[in-house]
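Here is what each chain is made of, one letter per residue.
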Amino acid sequence: MNAFCRTLLLDSFDVYLLLNLRTQPTAYVMVAKMNCKLRFAVLLSCLILFTVVHSDTETDEVENFFKSGHTNNWAVLVCTSRFWFNYRHVANALSLYRSVKRLGIPDSHIILMLADDMACNARNPRPAAVFNNARQHINVYGDDIEVDYRGYEVTVENFIRVLTGRLPPGTPRSKRLLSDDRSNILIYMTGHGGDGFLKFQDAEEISNVELADAFQQMWQKQRYHELLFIVDTCQANSMYQRFYSPNLIGIGSSQVGEDSLSHHVDPAIGVYVIDRYTYHALEFLELVSLGSTKKMGKFFEVCPWKQCKSTPGVRTDLFQGDARQALVTDFFGNVRNIEITTTKVSLQSMKAAEVEEMASRDAGRSTTPNLKYPEIFPKSFDSKGKDKEKGLRVSQSFVLLYSAFIVLAGITFFTNKFS
């Protein structure tokens, strides 16, 4: 029995070596010449190495799946101006709205705030339409727009409450920024501003200090992973001077002391239809697709002095990493991490009566645990995607192999002891 077990185990090991080292005959011959104890040691080392490598492979697969660092995208687009002569500011916000929707961010993840409704203004010669170009190629108002805050709802208080999540209990889900620590957020603001402030409807203003404190609250409450702030207004660069929160990029259309100018007039409407910085930013975004590899470094240069007649500014010192190498779609697009399977899934059609029967049977009981959003992801990864568990994850194949080894080793031991 002793000889049989030893022979069976070592012969199995020899077959394993022959299959895995067939391209390296020298290594196979060296192992084959070892004595029994040394070959047992090599076998045990192979099992341990298999466990570690398999565990590292699983970890790498999960890390690659979440390699972008975020799992969802949000956009907050704000036009703070009222009155017909500020038509261009509404067009600015609606143009960004159209671009982020085209790149995959759904309405459920967009908070759109418009201080005035130019589409329904009595002066509008094209009712229910807003254009950002004199040729009127694209109606940026569209037929599927969802405005979350309009008219007198667009206030400094409501804007801060949306960012920080401090909304009244009865606030609809569509008016909430339901982001988390894996969210990348785009915040775009347009209107009239000055050195250190942005006006809301010519009635109130938000300062750069208030804005900086709101972003800090968002970071402390784990409401974003990375944040891109863009403001198109006069002296726009002053709005990001007081920022102090991490993982944040600030972009302004003009430096302190400069005006942010309009681009062109539509004679049929009688007012300017878009601002210069937003116009050239949209030109860039029109060439970006969902799977694009365009970097933020190119976006930082969309409107030089020759085109903008002002000096756009960028602040990247708070961003953890190289902001110029970040993908444009990390902020303007929507991540779509998927797993491809070769297994066919057949979806059988069900009759209406069967559906109603299942619904009535399942009524009153929950089939899915009520988990918070971060709890859906692997518990071994924290909010930054780093492994917190030091234990090894063992595959089923290793368990079977290791069990066989233990059984054979036990048989050999008892055979030696009682023979």
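This write-up is about the structure you can find in this document. Counting restarts for each chain, with residues numbered from 1 along the sequence as it is written. Per-residue local features of the predicted model are confined to residues with pLDDT of at least 70, and side-chain atom pairs are confined, for both listing and counting, to 80 or more; whole-chain, interface and lining totals are unaffected and use all residues. For side-chain calculations, the full set of non-hydrogen atoms in the structure is used, while hydrogens and water are omitted.

### Points about the pairing of strand 11 (residues 271-275)
- Each residue gets one of three labels from its accessible area relative to the maximum for its type: buried under 20%, exposed over 50%, partly exposed in between, using a 1.4 Å probe on protein chains only. Starting at the N terminus, helices and strands are each numbered in turn, a helix being any DSSP run of H or I of at least four residues and a strand any DSSP run of E of at least two. Within strand 11, four of the five residues are buried, leaving the element largely enclosed by the surrounding structure.
- Two strands make a pair as long as DSSP finds a minimum of two bridges between them. Across four bridges, strand 10 (residues 262-266) lies against strand 11 in antiparallel orientation. The partner of Ser 262 across the bridge, within strand 11, is Asp 275.
- What sits between the antiparallel neighbours strand 10 and strand 11 is a turn of four residues, in which Gly 270 has the positive phi angle 90°.

### Some points on helix 4 (residues 87-102)
- Each helix should span, by expectation, one fewer than its residue count multiplied by 1.5 Å. In this model helix 4 runs 23 Å from its N-terminal to its C-terminal C-alpha over 16 residues, within 8% of the 22 Å that 1.5 Å per residue would give.
- Across the 16 residues of helix 4, 13 count as buried, placing the element largely inside the fold.

### Observations regarding the environment of Tyr 279
- Secondary-structure assignment places Tyr 279 in helix 7 (residues 276-285).
- Overall, Tyr 279 belongs to the buried group, its relative accessible area being 19%.
- Expressed as a C-alpha distance, the spacing of Tyr 279 and Ala 91, which sit 188 residues apart in the sequence, is 10.0 Å.
- Not counting residues within four places of it along the chain, the set of residues in contact with Tyr 279 comprises Asn 133, His 263, His 264 and Ile 274. By definition, residues are in contact when any of their heavy atoms lie within 4.5 Å.

### Here we look at unusual backbone geometry
- Although it is not a glycine, Gln 136 sits at a positive phi angle of roughly 55°.
- Within the element layout of this structure, Gln 136 appears in the loop between strand 2 (110-114) and strand 3 (149-150).
- The phi dihedral of Gln 235 falls on the positive side, at around 55°, and the residue is not glycine.
- Residue placement: Gln 235 occurs in the loop between strand 8 (226-232) and strand 9 (248-252).

### Regarding the packing of aromatic side chains
- By convention, a stacked pair of Phe, Tyr or Trp rings (six-membered ring in the case of Trp) has centres within 6.5 Å and planes under 30 degrees apart, an edge-to-face pair has planes over 60 apart, and any other such pair is tilted. For the structure on display, the rule yields nine aromatic pairs.
- For the ring pair Trp 219 and Tyr 224, a centre distance of 5.3 Å and an interplane angle of 55° mean the geometry is tilted.
- With relative accessibility at 1%, the residue Tyr 224 sits in the buried group.
- Seen from their ring centres, Phe 229 and Phe 243 are 5.4 Å apart, and the 75° between their planes marks the pair as edge-to-face. A residue pair is termed long-range when its members are at least 10 positions apart, and Phe 229 in strand 8 and Phe 243 in the loop between strand 8 and strand 9 qualify at 14 residues.
- Judged by relative accessible area, Phe 229 falls into the buried class, the value being 0%.
- For Phe 243, a relative accessible area of 3% puts it in the buried group.
- Aromatic ring contacts, followed pair by pair, group Phe 215, Phe 229 and Phe 243 into a single cluster.
- Counted as over-ring charges are cases with an Arg CZ or a Lys NZ within 6 Å of the ring centre that also lie within 35 degrees of the ring normal. The aromatic ring of Tyr 152 is capped on one face by Arg 82, whose charged end is 4.5 Å from the ring centroid.

### What to know about the sheet that holds strand 2
- Judged by pairing direction, the sheet is mixed, and its seven strands sit side by side in the order 3-2-1-4-8-9-12 without closing on themselves. One side of each edge strand has no neighbouring strand; the edge strands of this open sheet are strand 3 and strand 12 (313-315).
- With five bridges joining them, strand 8 and strand 9 adopt parallel strand pairing. Bridge pairing links Leu 228 to Ile 249 in strand 9.
- To get an axis, a line is fitted to the C-alpha atoms, and for a helix only the part in contact is used. The angle between two axes follows their N-to-C directions and goes from 0 to 180 degrees. Sheet contacts for helix 5 (residues 156-164): strand 1 (72-79), strand 2, strand 3 and strand 4 (183-190); angle to strand 4, the most-contacted strand, approximately 170°.

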